[in-house]
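# Chain and residue survey
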Amino acid sequence: MFDVLIVGGGAAGYFTAITIAEKNPELKVAILERGKEVLTKVKVSGGGRCNVTHAEFDPNELVKYYPRGEKELKGPFHTFCSGDTIAFFEERGIALKIEEDGRMFPESNTSQTIIDCFVNEGERLGVKVLKNSSVVGIEPIEKSDKNPLGGYSVESIQKKYHAKKIVVATGSNPKIWKLLEKLGHKIVPPVPSLFTFNIKDERIEGIPGVSANVTVDVLAKKTGQKVTIDLKSKVASKTILESEGPLLITHWGMSGPAILKLSAWGARVLNEANYKFTIRVNWLPEYHQEAVLKLLIQVKDVEAKKTVLRTHAVDLPKRLWVKLVKASGIASDTKWADCTKIQLQNLARELTAGEYAVDGKSTFKEEFVTAGGVALKEVNFKTYESKLIPNLYFAGEVINVDAITGGFNFQNAWTGAFIAGTAIANKSE
Ligand SMILES: Cc1cc2nc3c(=O)[nH]c(=O)nc-3n(C[C@H](O)[C@H](O)[C@H](O)COP(=O)(O)OP(=O)(O)OC[C@H]3O[C@@H](n4cnc5c(N)ncnc54)[C@H](O)[C@@H]3O)c2cc1C
């Protein structure tokens, strides 16, 4: 009989095991991992560098990066926040560095540093790691004379185990969600989050790698109105599906932070739209269409003899400017003086409100997550214990929490794992 069995040897599972073993060395703790290796996602995370957390140290600000979990994570982040993550690694000799955009990586620039840290800590603290042990059954055991402690029977493809407490840290595994459903939990249906948009459009064809700071919003198909999303968010600006930040043109369409944010906040509505929708891009977010038109009319006066295509009229990458000028019906050799009002209006619209049809999505290889999982209202966020089934705990992506890209998803794993681990270590029976 184990005191605690942790199902899943990923980020959340390992961090839970280490927390328990450190805080209460008397407990017999084991991890059951289905794969032949542990921490495989940590290995590939952040392009092999592992973006462990984000340099946002105020819990009230940090929660704003979580389309699902914003309200629920406030309390947990007051207990264990990004500063605690940094301290955890520093205490173990691992320095983290902050990049310009706030993402934090190990100074070594390799995720192996994080894996080595966890594996060594697990060994030092006596955590048993059972690999190739895919869990296929979890059942609570009724307390009886024969079995006065109750607990759980956990069946792996190898053998059956008994444990007093269980932590489910299986990430986005549908089979485990099915098992949890059988135990009475509600599972919010999973949909992908953090993806890029597939767009086939002459205006962005042949210029992959071009990027610009933009605002972009999703348009509802029939009405052309901005799509609203029901996130029950307290942040007013998040109730409309729009975002701002760098947009990157790719071989397949559009990516970059502005697009990834939309994919996360709109994970469910965009799924419902079968990933077919229209976006509107303002390539010059500091301007409205009318202001740009005024500016273009001034340029027409000042640069009358110059060719439109060759003028650096606005702050945009040249290759994109050329595309947008052509899309406005202005020929390669047209001089400003010969531009018609309609052409200038077209150009102002292309620069500030160009519409692009999205048809499908692609995986963002740096980081992708699943929205969905154990319903938030069924988890006690003071302990990460199930509100329905005593001594069953959760940590990580198995819960219906996910974040935009930037180290926030791992922070969710560390925070949940720390709180679940602490609660278990401190609970007498
Ligand atoms: C390519 C990629 C890059 C990413 N990069 C980043 C990043 O840089 N920063 C960031 O914050 N987030 C990143 N993420 C997201 C992050 O990896 C996850 O949010 C995080 O790993 C979730 O941790 P977890 O422990 O809940 O789940 P996981 O890390 O997925 O771990 C779950 C573990 O449970 C095991 N398991 C599943 N089912 C069973 C079963 N039935 N029996 C036993 N074991 C089982 C799995 O094999 C796995 O080892 C990335 C994701 C991907 C896919």
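Starting from 1, residues in each chain are numbered consecutively following that chain's sequence as written. Only residues with pLDDT of 70 or above have their local features reported here, since the model is predicted, and side-chain atom pairs are shown and tallied only from 80 upward, although totals for entire chains, interfaces and linings are computed over all residues. As a rule here, side-chain values come from all non-hydrogen atoms in the structure, and water together with hydrogens is ignored.

## Observations concerning the domain arrangement of the protein chain
What marks off one domain from the next here is an automatic or database domain assignment. Annotation of the protein chain at the domain level lists domain 1 (2-192 + 367-426) and domain 2 (195-363). Measuring from the centre of the C-alpha atoms in domain 1 to the corresponding centre in domain 2 gives 39 Å. Counting from both sides, the interface comprises 16 residues of domain 1 and, opposite them, 16 residues of domain 2. For any pair of parts, buried area is found by adding up, for both, the accessible area (1.4 Å probe) each one loses once the two are put together. Buried area between domain 1 and domain 2, both sides added, is near 1,300 Å², and the carbon and sulfur share of it is 63%. Salt bridge criterion: a side-chain nitrogen from Lys or Arg within 4 Å of a carboxyl oxygen from Asp or Glu. Applying the counting rule to domain 1 against domain 2 returns 0 salt bridges. Under this definition, polar contacts are N or O atom pairs within 3.5 Å; protein pairs additionally need one hydrogen-donor-capable and one acceptor-capable atom, and for neighbouring residues in sequence, both atoms have to be side-chain atoms. Here domain 1 is connected to domain 2 by 2 residue pairs in polar contact (both at pLDDT 80 or more). The way it works is that DSSP assigns letters per residue, a run of H or I at least four long becomes a helix, a run of E at least two long becomes a strand, and they are numbered from the N terminus. A total of 4 residues in the side of domain 1 that touches domain 2 trace back to one element, the largest contributor, which is strand β10 (residues 187-193). Each residue receives one of three labels: charged for Asp, Glu, Lys and Arg, nonpolar for Ala, Val, Leu, Ile, Met, Phe, Trp, Tyr, Cys and Pro, and polar for the others, Gly being one of them. Grouping the constituent residues of the side of domain 1 that touches domain 2 by class yields 10 nonpolar, 2 polar and 4 charged. Note on contacts: a residue pair qualifies if any of its non-hydrogen atoms lie within 4.5 Å across the two residues.

## Some words on the site of the ligand
One heavy atom within 4 Å of a molecule or strand is enough for the residue carrying it to be called near that molecule or strand. Near the ligand there are 33 residues, and of these E33, N173, E366, E397 and F410 occur at the shortest range. Between N409 and the ligand, the recorded distance is 3.3 Å, taken from a backbone N or O atom to an oxygen atom. Taken by itself the ligand offers 990 Å² of open surface, and the protein chains cover 95% of this. Of all the elements in the fold, those that place two or more residues in the shell around the ligand are α1 (11-23), α2 (40-48) and α13 (408-426). Residue contributions to the shell around the ligand peak at 4 residues, all from α2. All accessibility values rest on the Shrake-Rupley procedure with a 1.4 Å probe; residue burial counts only the protein chains present in the view.

## Quick look at the side chain of E56
Within the secondary structure layout, E56 lies in the loop between β3 (53-54) and α3 (59-62). Exposure classes here rest on a 1.4 Å probe applied to the protein chains alone. A residue is buried below 20% of its type maximum, exposed above 50%, and partly exposed in between. Charge assignment in this entry is limited to Lys and Arg as positive and Asp and Glu as negative, and neither His nor the chain termini are counted. For the buried residue E56, which engages in no salt bridge, the nearest side chain bearing the opposite charge is K64, 8.3 Å off. From its side chain, E56 meets the backbone nitrogen of D58 in a polar contact 3.1 Å long.

## Comments concerning the sheet that holds strand β5 (residues 103-106)
Within a sheet, adjacent strands bond to each other through the backbone by hydrogen bonds, running parallel or antiparallel. Taken in spatial order, the 3 strands line up as β3-β5-β4 in an open sheet, and their pairing is antiparallel. Each edge of the sheet is formed by a strand with only one pairing partner; in this case those strands are β3 and β4 (96-98). Here the rule is simple: two strands pair whenever DSSP picks up at least two bridges between them. Pairing of β4 with β5, which is carried by 3 bridges, proceeds in the antiparallel orientation. Bridging from a neighbouring strand, L96 pairs with P106 of β5.

## Quick notes on the sheet that holds strand β17 (residues 361-363)
A sheet is described by the order of its strands in space; here 7 strands give the open sequence β16-β15-β12-β13-β14-β11-β17, paired in antiparallel fashion. The sheet terminates laterally at β16 (354-359) and β17, the two strands that pair on one side only. Between one strand and the next, the sheet's axes are offset by a mean angle of 40°, whatever the strand orientation. When strand β13 (residues 242-249) meets strand β14 (residues 253-255), the two strands line up antiparallel, connected through 2 bridges. Residue pairing across strands places L248 opposite S255, the latter belonging to β14. A fitted line through C-alpha atoms represents every axis, and for helices the fit uses only the stretch in contact; the resulting angles, taken between N-to-C directions, go from 0 to 180 degrees. Its contacts with the sheet place helix α8 (residues 257-265) against β11 (195-198), β12 (211-219), β13, β14 and β15 (276-282), and it is angled at close to 130° to β13.

## Some thoughts on the environment of N51
Counting through the fold element by element, N51 comes out in the loop between α2 and β3. Residue N51 is classed as buried on the basis of its relative accessible area of 5%. A sequence separation of 316 residues divides N51 from E367, and the C-alpha atoms of the two residues are 9.5 Å apart. With residues near it in sequence (within four places) discarded, N51 still touches S45, G46, R103, M104, F105, G406, G407 and F410. Side-chain polar atoms of N51 contact the backbone oxygen of T53, separated by 3.0 Å. Within the structure, the side chain of N51 is placed 2.8 Å from the backbone nitrogen of G407, a separation counted as a polar contact.

## Some remarks on the environment of G373
Summarising the element assignment, G373 is placed in strand β18 (residues 369-374). For the pair G373 and W252, spaced 121 residues apart in sequence, the C-alpha separation works out to 30 Å. Look past the residues within four positions of G373 in its chain and what remains in contact with it is W177, K186, I187, V188, V398, I399 and N400.

## Concerning the pattern of salt bridges
Under the defined criterion, the tally for this structure stands at 20 salt bridges. Between R124 and E22 there is a salt bridge, with the nearest N and O atoms lying 3.2 Å from each other. A residue pair is termed long-range when its members are at least 10 positions apart, and R124 in helix α6 (residues 112-124) and E22 in helix α1 qualify at 102 residues. A residue is classified by how much of its surface remains accessible, and E22, at 37% relative accessible area, is partly exposed. In this structure, D201 engages R203 in a salt bridge whose closest nitrogen and oxygen atoms are separated by 2.7 Å. By sharing partners, the salt bridges in this structure join E22, E91, R92, E121 and R124 into a single network.

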